[in-house]
Amino acid sequence: MAGDAASATGPSSQLQRRDAMNATLARHWWAIGLRGLIAVLFGVVALAAPGAVLLSLAFFFGIYLLIDGVIGLVSSVRAVVANRHWGALLAEAVLNIAMGLIALILPSAAVLAFVLLMAAWALISGGLMLAAALKLHASHGRWWLGLGGVISILWGVMLVLTPMVGAVVVTWWLGAYAIIFGISLLACGWRLRLQHPGQQAI
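Parameters at a glance
Residues numbered from 1 in each chain as written. Predicted model: local features only at pLDDT ≥ 70, side-chain atom pairs only at ≥ 80, totals over all residues. Heavy atoms only, no water. Helix = DSSP H or I, 4+ residues; strand = E, 2+ residues; numbered from the N terminus. Buried < 20%, exposed > 50% of the residue type's maximum accessible area, 1.4 Å probe, protein only. Contact = heavy atoms within 4.5 Å. Areas by Shrake-Rupley, 256 points an atom, 1.4 Å probe, with all protein chains shown as cover. Phe/Tyr/Trp six-rings, centres within 6.5 Å; stacked < 30°, edge-to-face > 60°. Core = buried A, V, L, I, M, F, W, Y, C linked by side-chain atoms within 4.5 Å. Patch = residues over 30% accessible without salt bridge, like charges linked within 9 Å, V, L, I, M, F, W, Y side chains within 5 Å. Salt bridge = Lys/Arg side-chain N within 4 Å of Asp/Glu carboxyl O. Expected span 1.5 Å × (residues − 1).

Colleague: What should I look at first to understand the overall build of the protein in this one?
Modeller: The secondary structure content of the protein amounts to nine helices and zero strands. The helix and strand sequence of the protein, counted from the amino end, reads α-α-α-α-α-α-α-α-α. Buried residues in the protein amount to 42% of all 202 residues. Long-range contacts, defined here as pairs at least 24 residues apart, represent 80% of the contacts in the protein between residues at least 6 apart. Here the protein has roughly 9800 Å² of accessible surface; of this, 76% comes from carbon and sulfur atoms.

What follows is the structure, given as structure tokens:
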């Protein structure tokens, strides 16, 4: 009986759970791709309107985080419930929803506080994405998901180092970050789509 318990938690069992999670994410490739598309659209708007007041951008950013978090929550719950494992993707989705609510409830917060809020979100979110990437097969877009995490961390570091930069510069940085981040998620979603059994059969 002890041997059965060991085999249930051994490398083979972990590999089966990982394969099941990869297969589930492949079935819901569209959710990752949709997140990437929304991020790219948000980045384009941020670059096209750099003179927008930062408080207005904070409100807009909060809405974006809520939408991104809800979509991420749906896709991660479906992927994770199938394996009975609450993973980093779910934690990242919950974090995005929480940060979005804070940005919407406190839009009049100081510019410095908002910049540091974005930095904290980017650092934590990037770390969670890197943790999730380590559990994803290379053929399912591991490197693209990891790239999104690295970009998020770099964005957070830049904000911490220069918290008092002008609102226009922050807007440009945010727009560029969102576009690159979104492209990485779009590429990851495409790789997941190629791994979907229905697409392989075509």
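Once the structure has been displayed, the description carries forward.
Colleague: Hey, could you run me through the packing of aromatic side chains in this one?
Modeller: For any two aromatic rings, the description comes down to two numbers: the centre-to-centre distance and the angle of the planes. Per the counting criterion, the structure on display carries four aromatic pairs. On the numbers, 4.8 Å between centres and 10° between planes, the contact of Phe-42 with Tyr-64 is stacked. You can see Phe-42 sitting in helix 3 (residues 29–48) and its partner Tyr-64 sitting in helix 4 (residues 54–81), a full 22 residues away along the chain. Judged on exposure class, the residue Phe-42 and its partner Tyr-64 are both buried. By way of ring pairs, the aromatic residues Trp-121, Trp-155, Tyr-177 and Phe-181 are connected into one cluster.

Colleague: What should I look at first to understand the nonpolar core in this one?
Modeller: The nonpolar side chains of soluble globular proteins are, as a tendency, buried together. Phe-61, Met-118, Trp-121, Leu-145 and Trp-155 are the most contacted members of the largest nonpolar core, which has 33 residues in total. Elements that contribute at least two residues to this core include exactly helix 3, helix 4, helix 5 (88–105), helix 6 (111–134), helix 7 (142–161) and helix 8 (167–195). Take this core: its biggest share by element is nine residues, from helix 6. Setting aside anything within four residues of it in sequence, one finds Leu-145 in contact with Met-129, Ala-132, Ala-133, Leu-136, Leu-185 and Cys-188.

Colleague: Can you help me understand a nonpolar patch on the surface in this one?
Modeller: There is a patch of nonpolar side chains on the surface, built from Trp-30, Leu-34, Leu-37, Leu-41 and Leu-186 and spanning about 430 Å² of accessible area. Among the elements that take part in the nonpolar patch, helix 3 stands out by supplying four residues, more than any other.

Colleague: What am I meant to see in the side chain of Ser-152 here?
Modeller: Within the secondary structure layout, Ser-152 lies in helix 7. With relative accessibility at 0%, the residue Ser-152 sits in the buried group. Ignoring any residue separated from it by four or fewer positions in sequence, one finds Ser-152 in contact with Ala-122, Leu-123, Ser-125, Gly-126 and Tyr-177.

Colleague: Whenever I open this one, helix 5 confuses me. Can you help?
Modeller: Given 3.6 residues per turn, any residue in an α-helix points the same way as the ones three and four places further on. Look at helix 5: 26 Å from first C-alpha to last across 18 residues, which is about the 26 Å you get at 1.5 Å a residue. Three or more residues of helix 5 are buried, namely Ala-88, Leu-89, Leu-90, Glu-92, Ala-93, Leu-95, Asn-96, Ile-97, Met-99, Gly-100 and Ala-103.

Colleague: Even after reading the chapter, I still don't get helix 7, so can you show me in this structure?
Modeller: Between the first and last C-alpha of helix 7 there are 29 Å, a value that for 20 residues agrees with the 28 Å anticipated at 1.5 Å per step. The complete set of buried residues in helix 7 reads Leu-145, Gly-146, Gly-148, Gly-149, Ile-151, Ser-152, Trp-155, Gly-156 and Leu-159.

Colleague: Looking at this model, I keep getting lost on the pattern of salt bridges. Mind explaining?
Modeller: Pairing is possible between side chains of opposite charge, provided their charged atoms come close. Counting across every chain of the model gives one salt bridge. Between Arg-35 and Asp-68 there is a salt bridge; the shortest N-O distance is 2.9 Å. In this pair, Arg-35 sits in helix 3 while Asp-68 sits in helix 4, placing the two residues 33 residues apart along the sequence. Each member of the pair, Arg-35 together with Asp-68, is buried.

Purely geometric numbers; function is a separate question.
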